[in-house]
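Structural overview
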Amino acid sequence: MTRKRVIFLADMQSFYASVEKAANPAIRDLPIVVAGDPERRSGVVLAACPIAKSYGVTTAETLWQAQQKCRHLVVVKPRMETYIRVSLQITRIFEAFTDLVEPYSIDEQFLDVTGSLHLFGGDPWKVAKAVKDRVWMETGIVSRIGIGENKVLAKMACDNYAKKRKEGIFWLKKEELPETLWQLPIEKLFGVGSRMKRHFHKMGIYRIGQLANTPLSVLTKRWGVNGEVLWRTAHGLDESPVSPKTHETQKGIGHHMTLPRDYHTSADIKVILLELCEEVCRRARSKRLMGEVVSVGCRGADFEQATGFYRQMKLDRPTNDAMELYEAACMLFDRHWEHTPVRSVGVHLGQLQPDDQCQLSLFEDRERKRSLAYAMDGIRARYGNDAILRAVSLLDAGQARERARKIGGHYK
Amino acid sequence: MSAEALQKPVDARWEMLRECVLYGLLFKAAMADWATLSTMPLKLSYQMLLEGLSRFAERKHWLLRQNLRRQGCELLAMRKQGSVYCVQVRLDGYVREALYSIELLKAECQERVRTWVVEQGERTAAGEKRQQNRSGEERKTS
């Protein structure tokens, strides 16, 4: 019989806002949000502290809406580099408890403490508390910990229980699922979003317990493998390991941009496509990779009423050259764009392979292009992303100069 | 583990260690600031203030360090590592590492300075009040 694993999912409370509060005692007792650009009153709320949340401020709402709910709201500009640094610091703190730490997002990490539990007293509650204490004392951030025998149970323990408890720790046991998880509404199941919730409601499934008691064949017939995954999640079944190297194997490189306004003309959108292709290829080159499948996605401003497309095509040969990728992206765009306003654009390069072998061409000097691209990357790495720009980026439609000051669309 | 037990820290020595590190940094920072200020042409001297703060923090630091040692926790090394302050300790025979965010340490030092200033102010006010009471009583008896 295999030994039960002990997995933690540690989640940081209002991560960005907590980092700001830890760094500035003057705002510790005030309602704060970390949001877009406070001077321009633009952007959305990236994180709201618990005091701000008590006024009804929610994450992802627009800044002006948040300010209407709470008149004396303190707005702090995001510092993405600092948040990434603190996240890495927290990973190092976790590594004092186990070598199996898997970052799930910037503020959530899985820990497999099965092997090291006995070193810290053997009681999962105590170890979770010790982890929580260390994070608080060394970063000033409150964390919540979900405990389970696998990753999905730990995640659901954290989201559905630990976050709502004063002590911030909850152990979701598989043998107690009928009394705990199965009583919750279906949307509380990990992997069920608003669309899936609607599908389940149409089937008469409102609670997680009802899904767990639905025959597996019914679900697989309707949703294939995804149906089986949801059924297994409802039963607390998951064998996936906590793997620290999960982010090292890359299947694709993509970049996506939400635009500050609607773009209406093909010329304007193509400026953004070129900038995205540049960024995707720069990242591919930095990992010495090239890709064979290009995907392009465009969406309109109204995300409820989905307009736009997401299409892909295979290239004649693998590439990490921006202009080659751009040509393919334009081909996809011209073929599928229905002249609707565009608010967000994405480019993705898939089927990656090492770039140390390539097919030579009789008609063009690929080697010259390649060395030029690497030379440009070197300059950008040394002097910043806006050290070399394409001339089109200086047009009104261009976003490259503004994006050079940001990480993931938010200020560094 | 009960909900009440979960409110308290599992090992209070980590909390004491943080205080010790904070006061250790504070007494050094106060003297470093004094060294900077002493080269500037100022209207007033802040020597007494900063020396007082540094003396208070140093005394606290050593007291905490002594208490920690008594409880089986010995400070081995402290060094800056990029954006974190790395503190190595020997805890019950095992070498452990605490990684403090420098931003947090700075903010917490600032809080301790504020508390110290408030306490000093209260102590001065209490002293003045005692002095007034004493002189009032003397006047009555005369």
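The paragraphs below set out a description of the structure included in this document. (Residues numbered from 1 in each chain as written. Chains lettered and ligands numbered in written order. Predicted model: local features only at pLDDT ≥ 70, side-chain atom pairs only at ≥ 80, totals over all residues. Heavy atoms only, no water.)

All names here are of chain A. Extensive coverage of strand β6 (residues 108-112) is indicated by the burial of 5 of its 5 residues. The alternating pattern of β6 places Glu-108, Phe-110 and Asp-112 and Gln-109 and Leu-111 on opposite faces, both of which are buried. As judged from the 5 bridges shared by strand β1 (residues 7-12) and β6, these two strands associate in the antiparallel manner. Bridged to Ala-10 within β6 is Gln-109. Pairing of strand β5 (residues 101-105) with β6, which is carried by 4 bridges, proceeds in the antiparallel orientation. Looking across to β6, one finds that Glu-102 is bridged to Phe-110. Taking the residues between adjacent antiparallel strands as the criterion, β5 and β6 are bridged by 2 residues. (Buried < 20%, exposed > 50% of the residue type's maximum accessible area, 1.4 Å probe, protein only. Helix = DSSP H or I, 4+ residues; strand = E, 2+ residues; numbered from the N terminus. Pairing = 2+ DSSP bridges.)

Before going further, it helps to examine the pattern of salt bridges. Opposite charge on two side chains permits pairing when their charged atoms draw close. Residue and element names in this part refer to chain A. Tallying each qualifying case throughout the model produces 33 salt bridges over all chains. A salt bridge links Arg-144 to Asp-11; the shortest N-O distance between them is 2.9 Å. Of this pair, Arg-144 sits in strand β7 (residues 143-148) while Asp-11 sits in strand β1, placing them 133 residues apart in sequence. For Arg-144, a relative accessible area of 11% puts it in the buried group. Its relative accessible area of 3% is what places Asp-11 among the buried residues. Linking Glu-102 and Lys-151 is a salt bridge whose minimum nitrogen-to-oxygen distance equals 3.0 Å. Here Glu-102, found in strand β5, pairs with Lys-151, found in helix α6 (residues 151-160); they are 49 residues apart in sequence, far enough to count as distant. (Salt bridge = Lys/Arg side-chain N within 4 Å of Asp/Glu carboxyl O.)

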